[in-house]
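# Geometric and topological summary
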Amino acid sequence: MHLDKTIAKLQATADVSIVALGDSLTSGWMVARGYTEFLRDMLLARYPKAGIRIVNSGIPGDTAPGGLYRLQQDALSYRPDLVLVQFALNDAFCGCSLGEFRRSIEAIVERIQQESSAEVLLLTSTLPADASELDVVASFYAELKQIVQEKACGLAAVDEYWRKAIAGGRSHDELVLHDRGHPSEAGYQLMAEAVMACLCA
């Protein structure tokens, strides 16, 4: 388990500061409650005496290089116990190469580990509605999963939660907004469940 310190603090009813760094899927685009709001509720339900603070540093349209650029101001400056890092979709479809994406994510993880005491949880993102885009997205998610193995950080496999939900009978349309790209609140709840699974002892 790569989030032992954070889980121990939650169990000890200590104050825990979490920063969510990412793009529109982190910011909660066009919904009243995004994944960080659902996550806060889930954490409070499981650890009701812990002092939980979640800072949402998601910016719509951002990419992994952008996240690296603003890492100090938008994440490390809050002195977090845990940083949630969610990028991939904009990188995949806005011209970022796999190599650049990987280098940026690796640099984010390394800087968090070297410049703070925070643990790191990488998140995959959601599943595209267009089946032709799945292979493109899968290659970026594969990079994240390999980085996790090499950098001793955690992984919340959001895409796998979505895949299981759809295989279980939920429609993709139920999980996304009218643009068929950004999650609905039901989709964000699945994201939060994927993260929460990593924060349970």
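Provided above is the structure to which this section pertains.
Residues numbered from 1 in each chain as written. Predicted model: local features only at pLDDT ≥ 70, side-chain atom pairs only at ≥ 80, totals over all residues. Heavy atoms only, no water.

## Regarding the layout of surface pockets
Formally: Method remark: on a 1 Å grid restricted to protein atoms, a set of points is classed as a cavity if a 1.4 Å probe fits but cannot get out and as a pocket if it is open with protein on both sides within 12 Å along at least five of seven lines; lining residues have an atom within 4 Å of a point. Grid points are joined across faces, edges and corners, and a volume is the space filled by probe spheres set on the points. Secondary structure elements follow DSSP: runs of H or I no shorter than four residues count as helices, runs of E no shorter than two count as strands, and numbering proceeds from the N terminus. When residues are sorted by character, Ala, Val, Leu, Ile, Met, Phe, Trp, Tyr, Cys and Pro go into the nonpolar class, Asp, Glu, Lys and Arg into the charged class, and all the rest, Gly among them, into the polar class.
Its boundaries defined by the atoms lining it, the largest pocket holds a volume of some 250 Å³. Together, 16 residues line the largest pocket, and Leu 89, Asn 90, Phe 93, Glu 133 and Gly 181 are the ones closest to its centre. The set of elements that each furnish at least two residues to the lining of the largest pocket consists of α2 (24-27) and α6 (89-93). By residue number, the principal contributor to the lining of the largest pocket is α6, which donates three residues. In the lining of the largest pocket, the residues fall into seven nonpolar, five polar and four charged.

## Section: the nonpolar core
The following threshold applies: By nonpolar core we mean a set of buried residues, namely Ala, Val, Leu, Ile, Met, Phe, Trp, Tyr and Cys, connected to one another through side-chain atoms within 4.5 Å. Categorising residues by exposure relies on relative accessible area from a 1.4 Å probe, with only protein chains included: less than 20% of the type maximum marks a residue as buried, more than 50% marks it as exposed, and the intermediate range marks it as partly exposed. Every residue pair with non-hydrogen atoms within 4.5 Å of one another is taken to be in contact.
Core analysis: the biggest nonpolar cluster contains 67 residues, and Tyr 35, Leu 39, Leu 43, Leu 84, Ile 105 and Leu 122 have the highest contact counts within it. For this core, the element with the highest residue contribution is helix α11 (residues 185-196), accounting for seven residues. Those residues in contact with Leu 39 that lie beyond four places of it in its chain are Ile 54, Leu 84, Ala 192, Val 195, Met 196 and Leu 199.

## Comments concerning helix α8 (residues 134-151)
Put simply, the test is: Any helix carries an expected span of 1.5 Å times its number of residues minus one. Each direction from the helix axis to a C-beta atom contributes to the arc, which is the arc of those directions.
Taking 1.5 Å as the rise per residue, α8 with 18 residues should run 26 Å; its terminal C-alpha atoms sit 26 Å apart, in good agreement. Those residues of α8 lying buried are Val 137, Phe 140, Tyr 141, Glu 143, Leu 144, Ile 147 and Val 148. Looking down the long axis of α8, one finds its buried residues gathered within 145 degrees of arc, a one-sided arrangement. In α8, the exposed positions that point more than 90 degrees away from the buried face belong to Asp 135 and Gln 149. The elements touched by buried residues of α8 are α6, α7 (98-115), β4 (119-123), β5 (154-156) and α9 (158-167). Downstream of α8 by a residue or two, Ala 152 has a phi angle that is positive, lying close to 55 degrees.

## A look at the pairing of β4
Heads up, the rule is: Two strands pair if DSSP finds at least two bridges between them. Seen with the strands pointing away from the viewer, any crossover whose path from the first strand over the helix to the second strand runs clockwise is right-handed.
The element β4 is extensively covered by neighbouring structure, given that five of its five residues are classed as buried. Side-chain alternation along β4 places Glu 119, Leu 121 and Leu 123 on one buried face and Val 120 and Leu 122 on a second face that is also buried. Alignment of strand β3 (residues 82-86) against β4, held across five bridges, turns out to be parallel. Bridged to Gln 86 within β4 is Leu 123. Tracing the backbone out of β4, into α8 and back to the parallel element β5 gives a crossover that is right-handed.

## A look at the side chain of Thr 124
Stated formally: The term polar contact refers here to a pair of N or O atoms within 3.5 Å; inside protein, the definition further demands a hydrogen-donor-capable atom paired with an acceptor-capable atom, and it admits residues adjacent in sequence only when both atoms are side-chain atoms.
Within the secondary structure, Thr 124 sits in the loop between β4 and α8. From its side chain, Thr 124 meets the backbone nitrogen of Val 158 in a polar contact 2.8 Å long. Sequence-distant contacts of Thr 124, that is, excluding residues within four places in its chain, are made with Tyr 141, Leu 144, Lys 145, Leu 155, Ala 156, Ala 157, Val 158 and Asp 159.

## Things to note about the environment of Phe 87
Examined against the element boundaries, Phe 87 turns out to sit in the loop between β3 and α6. Classification of Phe 87 as buried rests on a relative accessible area of 1%. Between the C-alpha atoms of Phe 87 and Asp 62, which are 25 residues apart in sequence, the distance is 7.9 Å.

## Observations concerning unusual backbone geometry
One non-glycine residue, Thr 13, adopts positive backbone phi at about 60 degrees. For Thr 13, the position within the fold is in the loop between α1 (4-11) and β1 (15-22). Looking at Thr 13, the relative accessible area reads 39%, which means it is partly exposed. At Ala 88, a position not held by glycine, the phi torsion is positive, near 155 degrees. One can find Ala 88 in the loop between β3 and α6.

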